[in-house]
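# Analysis of the macromolecular model
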Amino acid sequence: MAFHKLYNQTKSTMYLIGEHHGTKEMPQALINILEEALMLDKCINLFLEFPSDIQNVLDDYIKDKVSYKEFLKTEFYNPSKDFYDGRTSKSMFEVIVFAKEHKDRIKTYFIVGKNGKKYESNDGHELAMCDNVCDHYDGNKLNFIYVGSFHAITHEDENDWCTKYYKDNNYLPCGIHLKEKFSNVISIKIESLKGKSIACLGDVYNPETIRVKYVKDKSTIKRVCPKKSVKVVLQK
């Protein structure tokens with residue numbers, strides 16, 4: 001479904017978009033949605049699930065406080081941790097570039113952590129993301145929250161592994177907290193139709209695997225998802 005058709009049907013101002021980290025096509029699907037939203041002559045709040053240790057770097061780049069050459073030397077491409085889950089991929093960087101190019105109409109927020117603090121508990125993490133969205137939500141704009149598919153759950157689905165996971169671990173994802181506060185939230189899941197999602201060369205990313213080993217040489221990043229290999233699903 002094209003976004004303009006969804007907007008005309010729902011007139012909602014909040015869209016919660018769930019993805020699997022580590023593909024080329026899913027960030028591109030987000031860019032396509034944002035392009036359509038801008039064509040509706042709307043301003044946008046874009047909420048992204050980037051780790052707290054690279055949020056300042058991304059914010060500085062969007063605000064022209066660092067050049068692209070300087071940006072390449074920062075934590076985004078040289079993370080201090082020993083894992084890589086696809087959120088600092090070239091494809092996700094293209095989302096940042098798009099937001100930067102349209103910063104007069106797109107305001108970008110990073111929603112992991114609260115006031116620069118990390119949360120050790122899963123429940124605290126989910127609540128912090130919800131609180132960050134609530135703090136900056138603007139009903140006069142279109143608000144897009146782009147997160148991992150687990151965080152985008154707004155209802156229980158016994159056939160989905162995500163529902164089983166949060167029930168087994170006794171906490172609720174961000175999407176359910178948002179649904180309690182905003183009746184107009186529309187939950188969208190971007191799903192793979194075929195192929196494998198891959199975070200970096202040699203490390204196939206499984207949606208049920210929390211983290212993928214970090215590969216230092218980002219110049220070798222490739223994707224094995226074929227073109228036109230995703231679909232956008234409107235969740236209940």
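Each remark here, short or long, concerns the structure printed above.
Residues numbered from 1 in each chain as written. Predicted model: local features only at pLDDT ≥ 70, side-chain atom pairs only at ≥ 80, totals over all residues. Heavy atoms only, no water.

## Quick notes on the pattern of salt bridges
Once their charged atoms are close, side chains differing in charge can pair, the charge on each being opposite to the other. The following threshold applies: A pair is scored as a salt bridge if a Lys or Arg side-chain nitrogen falls within 4 Å of a carboxyl oxygen belonging to Asp or Glu. Strands are runs of DSSP state E lasting at least 2 residues, helices are runs of H or I lasting at least 4, and numbering of each runs from the N terminus. Working definition: with a 1.4 Å probe on protein chains only, accessible area under 20% of the residue-type maximum means buried, over 50% means exposed, and in between means partly exposed.
This model, assessed by the stated rule, comprises three salt bridges. Of the charged contacts, one joins Asp 64 and Lys 103 as a salt bridge, the two residues approaching to 2.2 Å between their closest N and O atoms. On the criterion of sequence distance, the pair formed by Asp 64 in the loop between α3 (55–62) and α4 (68–71) and Lys 103 in the loop between α5 (90–101) and β3 (106–110) is long-range, its members being 39 residues apart. Of the residues examined, Asp 64 reaches a relative accessible area of 49% and is grouped as partly exposed.

## Thoughts on unusual backbone geometry
One non-glycine residue, Lys 11, lies in positive phi territory at about 55°. Positionally, Lys 11 belongs in the loop between α1 (3–10) and β1 (14–19). The exposed category is assigned to Lys 11, whose relative accessible area is 52%. Non-glycine residue Asp 64 carries a positive phi angle of around 65°.

## A word on the packing of helix α6 (residues 122–136) against helix α8 (residues 174–181)
Working note: a packed helix pair is described by the angle between its axes plus the distance between those axes. Stated precisely, the cut-off is as follows: What counts as an axis is a line fitted to C-alpha atoms, over the stretch in contact for a helix, and the angles between N-to-C directions run from 0 to 180 degrees. Throughout, the term roughly parallel applies to angles under 35 degrees, roughly antiparallel to angles over 145, roughly perpendicular to angles from 65 to 115, and oblique to all others. Crossings are sorted by hand: turned counterclockwise from the far helix by less than a right angle, the near helix makes the crossing left-handed, and turned clockwise it makes it right-handed. Every residue pair with non-hydrogen atoms within 4.5 Å of one another is taken to be in contact. Residues are grouped as follows: Ala, Val, Leu, Ile, Met, Phe, Trp, Tyr, Cys and Pro are nonpolar; Asp, Glu, Lys and Arg are charged; every other residue, Gly included, is polar.
Here α6 crosses α8 at 40°, and the two axes come no closer than 8 Å. In terms of orientation, α6 and α8 fall into the oblique class. Between α6 and α8 lies a crossing whose hand is right-handed. Within the contact between the two elements, α6 uses Asp 123, Glu 126, Leu 127, Met 129, Cys 130, Val 133 and Cys 134 and α8 uses Cys 174, His 177, Leu 178 and Lys 181. Classifying every residue of the contact of α6 with α8 by side-chain character gives seven nonpolar, one polar and three charged.

## A few points about the pairing of strand β2 (residues 44–48)
Consecutive residues of a regular strand have side chains that alternate between opposite faces of the sheet. Applied cut-off: For two strands to be treated as a pair, DSSP must find at least two bridges joining them.
Most of β2 sits out of view: five of its five residues are buried. Here β2 shows no split at all, with Ile 44, Leu 46 and Leu 48 on one side and Asn 45 and Phe 47 on the other all buried. Two elements, β2 and β3, share five bridges in a ladder whose sense is parallel. When the bridges of β3 are listed, Ile 44 appears paired with Ile 106.

## Overview of the packing of α3 against α5
Axis separation between α3 and α5 bottoms out at 9 Å; the angle between their running directions is 40°. Between α3 and α5, the angle is such that the two are oblique. Residue-level contacts link Leu 58, Tyr 61 and Ile 62 of α3 to Phe 93, Ile 96, Val 97 and Lys 100 of α5.

## Focus on the packing of aromatic side chains
To be explicit about the condition: Side-chain rings of Phe, Tyr and Trp, where Trp is taken by its six-membered ring, are said to pair if the distance between their centres is within 6.5 Å; with planes under 30 degrees apart they count as stacked, over 60 as edge-to-face, and otherwise as tilted. In this scheme, Lys NZ or Arg CZ marks a charge over a ring once it lies within 6 Å of the ring centre and within 35 degrees of the ring normal.
This structure, assessed with the given rule, holds 12 aromatic pairs. A ring pair is formed by Phe 50 and Phe 110, whose centres lie 5.9 Å apart and whose planes are at 75°; its orientation type is edge-to-face. Highlighted residues: Phe 50 in the loop between β2 and α3 and Phe 110 in strand β3, separated in sequence by 60 residues. Grouping aromatic residues by their ring pairs yields a cluster made of Phe 3, Tyr 7, Tyr 15 and Phe 144. Its guanidinium or amino end placed over the ring of Tyr 61, Lys 100 lies 4.6 Å from that ring's centre, counting from NZ or CZ.

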